[in-house]
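Here are the chains, one letter per residue:
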Amino acid sequence: MSQDKRESGLFGVKQLDERTEKRLRWLLVPFAISAAINLIVCDNDAETSTIIMWNFIMRVTLAIAFLGYAIAAACQKCWILFVFFIIYAFSIFFGVSQYIVDSFMNDFSDF
C-alpha cells in the first residue's frame with residue numbers, strides 16, 4: 001500500500017524513492033557550509049568583493065544540489081520533478097529571482 005502511494009505521489013506525480021532522497025541530502029552539505037561562512041563573513045564587515053564571491057559560491061552549491069536532484073529524477077523517470085529541478089537550478093544560478101525582485105522594486109519606486 002505504501003509503495004503504491006509513493007509511486008503515485010501527490011496529484012499523481014511520481015516521486016523519488018526514499019533511499020535516493022536520503023543520499024541526495026548530502027548534496028546540501030556544501031551549501032550549508034557556504035551559507036555559514038557567508039554569514040560569518042557578512043557579520044565581520046568584509047569587503048564587497050568578498051561578499052559577492054561568497055554569494056556566488058552559495059548560488060553554485062545550491063544549483064549543484066538541485067542539478068543532482070534533477071539527475072536523480074531523470075534516472076527514475078520522474079519527468080515533472082526533473083523539469084522543476086532544472087528550472088529552479090538555473091533560476092538560482094543565473095539570479096533570475098533577484099532580477100524579478102529588482103524589476104518589481106524599480107516599478108514601484110516612482111510612487
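Quick caveat: nothing in here was measured; it's all calculated off a predicted structure. (Residues numbered from 1 in each chain as written. Predicted model: local features only at pLDDT ≥ 70, side-chain atom pairs only at ≥ 80, totals over all residues. Heavy atoms only, no water.)

Novice: How do you make sense of the packing of helix H3 (residues 29-43) against helix H4 (residues 48-75) when you look at a structure like this?
Specialist: Between two packed helices, both the angle of their axes relative to each other and the distance between the axes serve to describe the pair. Viewed as axis vectors pointing N to C, H3 and H4 meet at an angle of 165°, and their least axial separation amounts to 9 Å. With respect to their mutual orientation, H3 and H4 come out roughly antiparallel. For H3 against H4, the interelement crossing comes out left-handed. From H3, Pro30, Phe31, Ser34, Ala35, Ile37, Asn38, Val41 and Cys42 reach across to H4, where they touch Thr50, Ile51, Trp54, Asn55, Ile57, Met58, Thr61 and Leu62. (Axes fitted to C-alpha atoms, helices over the stretch in contact; angles between N-to-C directions. Helix = DSSP H or I, 4+ residues; strand = E, 2+ residues; numbered from the N terminus. Parallel < 35°, antiparallel > 145°, perpendicular 65-115°, else oblique. Left-handed = near helix turned anticlockwise from the far one by under 90°. Contact = heavy atoms within 4.5 Å.)

Novice: What exactly am I supposed to notice about the nonpolar core here?
Specialist: Nonpolar side chains in soluble globular proteins tend to be buried together. By size, the foremost hydrophobic cluster in this structure holds 13 residues, and its most contacted members are Leu16, Phe66, Ala73, Leu81 and Phe85. Of all the elements in the fold, those that place two or more residues in this core are H4 and helix H5 (79-93). The greatest single-element share of this core, amounting to 6 residues, is contributed by H4. Residue contacts for Phe66: discarding those within four places in its chain leaves Phe85, Tyr88, Ala89 and Ile92. (Core = buried A, V, L, I, M, F, W, Y, C linked by side-chain atoms within 4.5 Å. Buried < 20%, exposed > 50% of the residue type's maximum accessible area, 1.4 Å probe, protein only.)

Novice: Sorry, what's going on with the packing of aromatic side chains here?
Specialist: Pairs of aromatic rings are described using the distance from one ring centre to the other and the angle between the two planes. Applying the stated rule across the entire model yields 6 aromatic pairs. On the numbers, 4.7 Å between centres and 65° between planes, the contact of Phe66 with Tyr88 is edge-to-face. Residue Phe66 is located in helix H4, and its partner Tyr88 is located in helix H5; the two are separated by 22 residues in the primary sequence. The class for Tyr88 is partly exposed, based on a relative accessible area of 39%. Centroid distance Tyr69 to Phe85: 5.3 Å. Interplanar angle 45°. Geometry classified as tilted. Note that Tyr69 is positioned in helix H4 and Phe85 in helix H5, a separation of 16 residues in sequence. The two residues Tyr69 and Phe85 agree in class, both being buried. Among the aromatic residues, those joined into a cluster by ring pairs are Phe66, Tyr69, Phe84, Phe85 and Tyr88. (Phe/Tyr/Trp six-rings, centres within 6.5 Å; stacked < 30°, edge-to-face > 60°.)

Novice: I tried to follow the state of the cysteines on my own but got confused; where do I start?
Specialist: In protein structure, a disulfide is the covalent linkage between the sulfur atoms of two cysteines. Considering all chains together, one arrives at 0 disulfides under this definition. Cys75 forms no disulfide, and the closest cysteine sulfur to it belongs to Cys78, at a distance of 10.0 Å. (Disulfide = S-S within 2.5 Å.)

Novice: Which parts of the structure should I look at to understand H4?
Specialist: Note: α-helices contain 3.6 residues per turn, so residues at a spacing of three or four share the same orientation. The first and last C-alpha atoms of H4 sit 41 Å apart over 28 residues, in line with the 40 Å expected at 1.5 Å per residue. Turning to H4, its buried residues number three or more, namely Trp54, Thr61, Leu62, Ala63, Ala65, Phe66, Gly68, Tyr69, Ala70, Ala72 and Ala73. Tucked into the core, H4 has its buried residues touching helix H2 (18-24), H3 and H5. A positive backbone phi angle near 60° is found at Lys77, which sits one or two residues after H4. (Expected span 1.5 Å × (residues − 1).)

Novice: In this structure, what is going on with H3? I would like to understand it.
Specialist: In a regular helix each residue adds 1.5 Å, so 15 residues correspond to 21 Å; H3 covers 21 Å between its end C-alpha atoms and thus fits that length. All buried positions along H3 are accounted for by Ser34, Ala35, Asn38 and Val41. All buried residues of H3 lie within an arc of 125° about the axis, which places them on one face of the element. Opposite the packed face of H3, turned more than 90 degrees from it, sit the exposed residues Leu39, Ile40 and Asp43. In this structure, the buried residues of H3 make contact with H4. In the segment just after H3, Asp45 is the residue with positive phi, at about 50°. (Arc of directions from axis to C-beta.)

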